[in-house]
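Residue strings, one per chain:
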Amino acid sequence: MRIEYSYPVNIDQDENGVFILTFPDFGVGVTDGITRNEALQNAEELLETMVLSYLEDGKSLPSPTHAHGRALVSLRPMVSLKAGLHMAMQELGVSQADLGRRLGWHPPQVVRILDPRHNSSMNQIEMALAALGKRMTISIQDAA
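Here's a quick rundown of the structure. Please read all numbers here as calculations on a predicted model, not as lab measurements.

Rules of the game
- Residues numbered from 1 in each chain as written.
- Predicted model: local features only at pLDDT ≥ 70, side-chain atom pairs only at ≥ 80, totals over all residues.
- Heavy atoms only, no water.
- Helix = DSSP H or I, 4+ residues; strand = E, 2+ residues; numbered from the N terminus.
- Axes fitted to C-alpha atoms, helices over the stretch in contact; angles between N-to-C directions.
- Parallel < 35°, antiparallel > 145°, perpendicular 65-115°, else oblique.
- Contact = heavy atoms within 4.5 Å.
- Nonpolar A, V, L, I, M, F, W, Y, C, P; charged D, E, K, R; others polar.
- Phe/Tyr/Trp six-rings, centres within 6.5 Å; stacked < 30°, edge-to-face > 60°.
- Buried < 20%, exposed > 50% of the residue type's maximum accessible area, 1.4 Å probe, protein only.
- Lys NZ or Arg CZ within 6 Å of the ring centre and 35° of its normal.
- Pairing = 2+ DSSP bridges.

Turning next to unusual backbone geometry. Of note in the backbone geometry, His68 takes a positive phi value of approximately 45° without being a glycine. Its place among the elements puts His68 in the loop between α1 (36-56) and β4 (71-74).

In structure tokens, the structure reads:
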């Protein structure tokens, strides 16, 4: 399972010159900005909000489609890791209690490692992924 959470956005301009961005992979969510850069920054916040909502509701995240020349908006690295951990658990049918048993962790520790708002360590996430037979890799890319 290779997961990369960079989603294409549609960018349009309204009659007032405001940039309007939507995420076609989600089918919901719209944001805007006076400048293209401002709209893209707002889109990063919107993407994270949508992903958090999906995770809290126990839904699977949509797979990002090909950009086809569209701008890509990515999740922050820690949110990507935690989303990947959630998705791996869903894929394998592993509950929070199961993950806790595999790691020898108490329930609050498992809740924190899965909470995208909690500042977990990379080591903790590596341990949780390893307990699921997964590993993380890191890549560096040119900025858009």
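Read on, since the account is not over.
Moving on to the packing of helix α3 (residues 96-103) against helix α5 (residues 122-131). Between α3 and α5, the least distance of the axes is 9 Å, while the angle of their chain directions is 105°. Taken as axis vectors, α3 and α5 run roughly perpendicular relative to one another. Facing α3, whose interface residues are Leu99, Arg102 and Leu103, α5 presents Met127, Ala128 and Ala131. Looking at the contact of α3 with α5 residue by residue, the class counts come to five nonpolar, no polar and one charged.

A few words now on the packing of aromatic side chains. Taken as a whole and judged by the stated rule, the model has three aromatic pairs. Summarising the aromatic geometry, the rings of Phe26 and Tyr54 are spaced 5.3 Å apart at their centres and angled 90° between planes, so their arrangement reads as edge-to-face. Note that Phe26 is positioned in the loop between β2 (19-22) and β3 (30-33) and Tyr54 in helix α1, a separation of 28 residues in sequence. This pair shows no difference in class: Phe26 is buried, exactly as Tyr54 is. Put simply, the rings of Tyr7, Phe23, Phe26 and Tyr54 touch in pairs and so form one group of aromatic residues. The ring of Tyr54 carries the charged tip of Lys59 above its face, separated from the ring centre by 5.0 Å.

Quick look at the sheet that holds strand β1 (residues 6-13) now. Strand order in the open sheet formed by four strands is β3-β2-β1-β4, with antiparallel pairing between adjacent strands. The open sheet has two free edges, formed respectively by β3 and β4, since each of these has just one partner strand. Averaged over all pairs of adjacent strands, the angle between strand axes in this sheet comes to 35°, irrespective of strand direction. Bridge analysis of β1 against β2 gives four bridges, and the strand direction is antiparallel. Within β2, the residue paired with Gln13 across the bridge is Phe19. Packing against the sheet, α1 makes contact with β1, β2, β3 and β4, and its axis sits at approximately 150° to β3.

Geometric values such as these leave the question of function open.
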